[in-house]
Amino acid sequence: MSDLANTAASAKAQAPGRVNLIGEHIDYNGGMVLPAALSIGLEVKLTPRDDDRVLVSADHYDEQAERDLGETASGHWSDTALGASRKARELGLIACGADVTIRSTVPEGSGLSSSAALIVAILKAARKLGEGAHSDTELAVAARAVENDFMGVPCGIMDQMAVALATPGTAMALDTKALNYELFDLPISHALVVVHSGLTRKLTDGRYGERKEECDAAKAHFGTDDLCMLDPASISASPLPPAIRKRTMHCVTEHARVLTAIAALKSHDIAALAAAMNESHVSMRDDFEMSLPAIDALVSDACKLGAEGARLTGGGFGGCIVALVAKDAQDTWLEQLLSRHPRARFIAAA
Ligand code: GLA
């Protein structure tokens, strides 16, 4: 990532990409999640303007985008920066529009929170320019609102909290209801390796929203916003359609696995962490039905070739897997995995 120069009337800020180690689709269902910040990330330079234009340039797009603060999302790559700039003005951090320059090493559409990182970085840069004393948590909540209300992405709060508050090499045990969190170090002996399946997906493509609606139906039935604390017996006995019962059961079991994984990380119990990751993949595949055959094959080969544990990570239906691999075996393991899966590619190791 090249460094963007600071000028008197501008500010820059960074945010990392994130990988979720465990706790999928429960950040909008009352659960605990365990994301970790990656060494890949992005940097933003924000220069306020005295008109209502937003000019966006990024090192991974050839053309500059020129938008108006009054515009709605159009599906263009610059929507995210536009939505974040609108939010910065709404929070009183900038008075009008802005020039936004982006340098990024986070691949888009991979489930590594490139858009959360961009929004959070723009809000953090704007905070440096403005009078606002917003905390990082407040900016994360504002960033989620940009995704939900401006971009039309019905996501939870995990990504924004992780990229706003975690630093590379740390995992964040996040209570998505109370927004309390604890940061702690990742294991020294093992790497958490992120491999892209080669299948891209967007959270706006409908399948993420479908799962959210199924969870909302369960919430309405049980009269709670917290699916993760339901009694499994009451889920099995409910008259809900089988698919919704399975989604709900995933929330309960996934939340329990996150608690196991947090305890395992703290006590350096690699076997327990690996088992929780493997069980999580099975639950995502069979109960939440958010995996794809090619991803199941990648996860299965990752384990056969020596990873202690592996699972799909992120919103699902494509994107990345994360595998727990002994550091001294990592290079050979990766070479063999990528030769069996030519579409897959290495992204980062946490
Ligand atoms: C995406 C969303 C998150 C979360 C994950 C699944 O990354 O942005 O809020 O729901 O999917 O765990």
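Here, the structure is the one placed above.
Residues numbered from 1 in each chain as written. Predicted model: local features only at pLDDT ≥ 70, side-chain atom pairs only at ≥ 80, totals over all residues. Heavy atoms only, no water.

S.K.: What am I meant to see in the overall build of the protein chain here?
M.R.: Along the protein chain, the regular secondary structure elements total ten helices and eleven strands. In terms of C-alpha radius of gyration, the protein chain reaches 20 Å, essentially the compact-globule figure of 20 Å for 350 residues. Its C-alpha atoms give the protein chain principal-axis dimensions of roughly 60 × 50 × 35 Å. At a minimum sequence separation of 6, the contacts of the protein chain that also span at least 24 residues come to 70%. Carbon and sulfur atoms form 51% of the exposed surface of the protein chain, whose accessible area is close to 13,600 Å². Side chains of the protein chain carry 33 positive and 46 negative charges; the gap between the two charge centres is 2 Å. (Helix = DSSP H or I, 4+ residues; strand = E, 2+ residues; numbered from the N terminus. Rg over C-alpha atoms; globule rule 2.2 N^0.38 Å. Contact = heavy atoms within 4.5 Å. Areas by Shrake-Rupley, 256 points an atom, 1.4 Å probe, with all protein chains shown as cover. Lys, Arg positive; Asp, Glu negative; His and termini not counted. Charge placed at Lys NZ, Arg CZ, Asp CG, Glu CD.)

S.K.: Help me understand the pattern of salt bridges, please; the structure alone is not making it clear to me.
M.R.: Side chains that differ in charge, positive against negative, can pair when their charged atoms come close. Applying the stated rule across the entire model yields 25 salt bridges. Close ionic contact of K87 with E90 constitutes a salt bridge, the shortest N to O distance being 3.1 Å. With K87 and E90 both in helix α1 (residues 79-90) and three residues apart, this pair spans about one turn of that helix. Linked by salt bridges that have partners in common, E210, R211, E214, K246, R247 and E289 make up one network. (Salt bridge = Lys/Arg side-chain N within 4 Å of Asp/Glu carboxyl O.)

S.K.: Help me understand the nonpolar core, please; the structure alone is not making it clear to me.
M.R.: Soluble, globular proteins show a tendency: their nonpolar side chains are buried together. Among the nonpolar cores identified, the biggest contains 118 residues, and L21, L34, V44, V100, V195 and W333 are the most heavily contacted of them. Excluding its chain neighbours within four sequence positions, the residues that come into contact with V100 are V44, K45, L46, V54, L55, V56, S57, A81, S85 and I122. (Core = buried A, V, L, I, M, F, W, Y, C linked by side-chain atoms within 4.5 Å. Buried < 20%, exposed > 50% of the residue type's maximum accessible area, 1.4 Å probe, protein only.)

S.K.: What am I meant to see in the sheet that holds strand β9 (residues 309-313) here?
M.R.: Taken together, the four strands give an open sheet; going across it, the order is β9-β10-β8-β11, and neighbouring strands pair in antiparallel fashion. A single partner strand is all that each edge strand has here, and the edge strands are β9 and β11 (345-349). Neighbour to neighbour, the strand axes of the sheet diverge by 30° on average, direction disregarded. Contacts from helix α9 (residues 293-304) reach β8 (190-196), β9 and β10 (320-326) within the one sheet, and its direction differs from that of β9 by about 160°. Here helix α10 (residues 330-340) sits on the sheet and contacts β8, β10 and β11; the angle it forms with β8, its principal contact strand, is near 20°. (Pairing = 2+ DSSP bridges. Axes fitted to C-alpha atoms, helices over the stretch in contact; angles between N-to-C directions.)

S.K.: Can you help me understand the pairing of strand β6 (residues 170-175) in this one?
M.R.: On a regular strand, each side chain points to the face opposite its neighbour's, so the side chains alternate between the two faces of the sheet. Judged by how many residues are buried, β6 sits mostly within the fold: five of six residues are covered. Where strand β2 (residues 32-48) lies against β6, three bridges are found, and the strand directions are antiparallel. Residue V33 lies in a different strand from β6, and its bridge partner there is L174. The pairing of β6 with strand β7 (residues 180-185) spans six bridges and is classified as antiparallel.

Without other data, these values stay purely geometric and don't point to any function.
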